[in-house]
Amino acid sequence: MIQISRLYKTYPGSKYTPVDDLSLEIQDGHFFTLLGPSGCGKSTTLRCIAGLERPDQGEIKINGVSVFSAEAGRNLPPYKRALSMVFQSYAIWPHMTVFQNVAYPLKCQGQSREDIRKEVAWSLDLVGLGHLADRPAPLLSGGEQQRVALARAIAGRSKVILFDEPLSNLDAKLRETMRSEIRALHQQLKFTALYVTHDQEEAFSMSDMVAIMNKGKVRELGSPEELYTTPRSEFGAEFLGARTKVSGTVRGRTDDNLLVVETPLGVVHCRHFADHPPGTSVFVYVRQSEILPSEGAAQPGAPVFSARIDSVEFVGDTIDWVARAGDIALHGRSLLGRPDCKKIREHLNEAIDLQIVSACCVPST
Ligand SMILES: Nc1ncnc2c1ncn2[C@@H]1O[C@H](COP(=O)(O)OP(=O)(O)OP(=O)(O)O)[C@@H](O)[C@H]1O
C-alpha cells in the first residue's frame with residue numbers, strides 16, 4: 001500500500017503549490033491513476049513518492065515503510081524505496097543494448113550474472129522484445145523503447161511501479177495497444193501501479209481507482225464509472241466532458257433514488273453523489289449522449305422543450321451539434337447515419353423539440 005499524508009510541495013521562487021495538503025491511500029495491487037489538467041501537480045506528486053523531489057511537509061509510506069517524513073527528517077533516496085518508474089521520455093540509456101538497459105538496475109543491486117540473465121530474458125519476453133536483446137537502444141522505435149522501459153521496471157519484481165505519462169509520446173494507435181499491454185502486465189504480475197495522465201480515456205480504460213487533481217489537490221476520488229456517472233463537483237463534471245450545464249433547485253426524490261430537480265427546461269431526474277435536501281441549488285449536467293431529438297411526449301423527469309439548432313459539426317462517427325433554448329446552450333452528439341442525426345441536420349437554424357433523457361447534478365458553489 002502507498003499512504004500519503006498531508007503532503008505539501010512548493011518550488012523555490014514560485015507562489016503556486018503543486019502539491020497542496022494531499023492525502024491518499026493506494027491499496028495493494030490496485031491500478032490507481034492521478035488524472036488532471038496540465039500543471040495540476042500530478043507529476044510532482046509522483047516524483048515526491050519516487051524520491052526525486054523533496055516535499056516540504058507530510059509523510060509517505062510504501063508498504064508500511066516510511067520513506068519520507070518531514071517531522072522525522074527522513075527522506076530515503078529513490079533506490080531505497082522498493083519501487084520502479086516508467087517515464088514519458090523512456091529514460092533509456094543510448095550507449096547500451098536492450099539487454100544492458102534492462103540488466104543495469106539488477107547489476108546495481110548486486111545480483112549474480114546468471115540471475116540477471118534469467119530475469120532480463122523473462123521480462124523482455126513479457127513485453128515481446130526477447131528477439132531484440134542485443135540491439136543497441138538508439139536503433140529502436142519509440143514504442144520499442146517504451147517496452148524496454150517497461151521491461152526494466154518489471155525486471156526487479158517491484159511491488160510498486162510508478163508511471164509518469166508513459167504513452168504521451170506514442171501515436172494514437174500504439175498508445176491503445178500499449179495501454180492494453182500495461183493493463184495485462186498489471187493483471188498478471190499484480191504490482192501496485194500509480195499512473196499519471198491527463199487523458200481521461202487512458203485513465204478510465206486502465207484504472208481500478210482514479211483521483212482527479214486540480215491545483216495541487218485531489219478533487220474527486222472513485223472508480224472510473226462512479227466518477228463518470230456521479231461527479232461530485234462542477235470541476236469533475238466539466239473535466240470529464242459534461243458540456244450542458246443548467247441551474248436548478250432540488251424539489252424531492254424519486255423511488256429509485258434520483259433527485260427531482262426543477263430547471264428552466266422542465267423537471268429533470270438526476271443521478272447524484274451526495275444527498276441534497278429540497279430547496280438546495282444545484283447545477284444539472286447533461287452529457288452529449290443524454291440529449292436527443294424528442295420522439296414524442298415528455299416522460300416524468302425527462303422534459304421535452306423547443307430549441308433552435310445553431311450549429312452542426314462533422315467529427316467522424318458522430319456529429320456534434322449545439323442548440324439554444326433561451327440563454328441555455330445545449331450540446332448534443334448523434335451517431336452518423338441514425339434517424340436522429342438526420343433530423344438534427346435537417347433542422348439546422350430551425351426550431352426542434354429536444355428531450356433530456358438522463359442527467360446528473362452537483363451542488364452549486
Ligand atoms: N522544478 C520545478 N521548478 C519550478 N516549478 C516547477 C518544477 N517542476 C514543476 N513545476 C511547476 O509545478 C506545477 C505542477 O507541475 P507538474 O509537472 O507536477 O504538473 P502535471 O499535472 O504533471 O502537468 P503535466 O500534465 O503538464 O505534466 C507546474 O506549474 C510546473 O510549472
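Quantities reported herein were computed from a predicted structural model and do not represent experimental measurements. (Residues numbered from 1 in each chain as written. Predicted model: local features only at pLDDT ≥ 70, side-chain atom pairs only at ≥ 80, totals over all residues. Heavy atoms only, no water.)

Examining the site of the ligand
Lining the immediate surroundings of the ligand are Tyr 11, Tyr 16, Pro 18, Pro 37, Ser 38, Gly 39, Cys 40, Gly 41, Lys 42, Ser 43, Thr 44 and Glu 165. The separation between an oxygen atom of the ligand and a polar side-chain atom of Ser 38 is 2.6 Å. When the free accessible area of the ligand is taken as 640 Å², the share hidden by the protein chains comes to 59%. Class assignment of the residues belonging to the shell around the ligand gives a composition of five nonpolar, five polar and two charged. (Near = heavy atom within 4 Å. Polar contact = N/O pair within 3.5 Å; in protein donor to acceptor, adjacent residues only side chain to side chain. Areas by Shrake-Rupley, 256 points an atom, 1.4 Å probe, with all protein chains shown as cover. Nonpolar A, V, L, I, M, F, W, Y, C, P; charged D, E, K, R; others polar.)

Comments concerning the packing of helix 4 (residues 142-155) against helix 5 (residues 172-189)
The N-to-C vectors of helix 4 and helix 5 enclose an angle of 15°; their axes lie 12 Å apart at closest approach. Taken together, the axes of helix 4 and helix 5 lie roughly parallel to each other. The hand of the helix 4/helix 5 crossing is right-handed. Residues Gly 143, Gln 146, Arg 147, Leu 150 and Ile 154 of helix 4 pack against Leu 174, Thr 177, Met 178, Glu 181, Ile 182, Leu 185 and Leu 189 of helix 5. (Axes fitted to C-alpha atoms, helices over the stretch in contact; angles between N-to-C directions. Helix = DSSP H or I, 4+ residues; strand = E, 2+ residues; numbered from the N terminus. Parallel < 35°, antiparallel > 145°, perpendicular 65-115°, else oblique. Left-handed = near helix turned anticlockwise from the far one by under 90°. Contact = heavy atoms within 4.5 Å.)

Brief notes about the UniProt feature "domain: ABC transporter" (unreviewed entry) in the protein
UniProt records the feature "domain: ABC transporter" (unreviewed entry) at residues 2-240, using the numbering of this structure. Across residues 2-240 one finds 36% helix and 25% strand; the C-alpha atoms that close the span lie 26 Å apart. (UniProt positions renumbered as here; feature names shortened; annotations may be inferred.)

Let's talk about the packing of aromatic side chains
For the coordinates displayed, the defined rule picks out seven aromatic pairs. On the numbers, 4.9 Å between centres and 65° between planes, the contact of Trp 93 with Tyr 104 is edge-to-face. Residue Trp 93 is located in the loop between strand 7 (84-86) and helix 2 (98-108), and its partner Tyr 104 is located in helix 2; the two are separated by eleven residues in the primary sequence. With relative accessibility at 30%, the residue Trp 93 sits in the partly exposed group. Residue classification places Tyr 104 among the partly exposed residues on the basis of a relative accessible area of 36%. Judged by centre distance (6.1 Å) and plane angle (85°), the rings of Phe 204 and Tyr 228 are edge-to-face. Placement of the pair is Phe 204 in helix 6 (residues 200-206) and Tyr 228 in helix 7 (residues 224-229), with a sequence separation of 24 residues. (Phe/Tyr/Trp six-rings, centres within 6.5 Å; stacked < 30°, edge-to-face > 60°. Buried < 20%, exposed > 50% of the residue type's maximum accessible area, 1.4 Å probe, protein only.)

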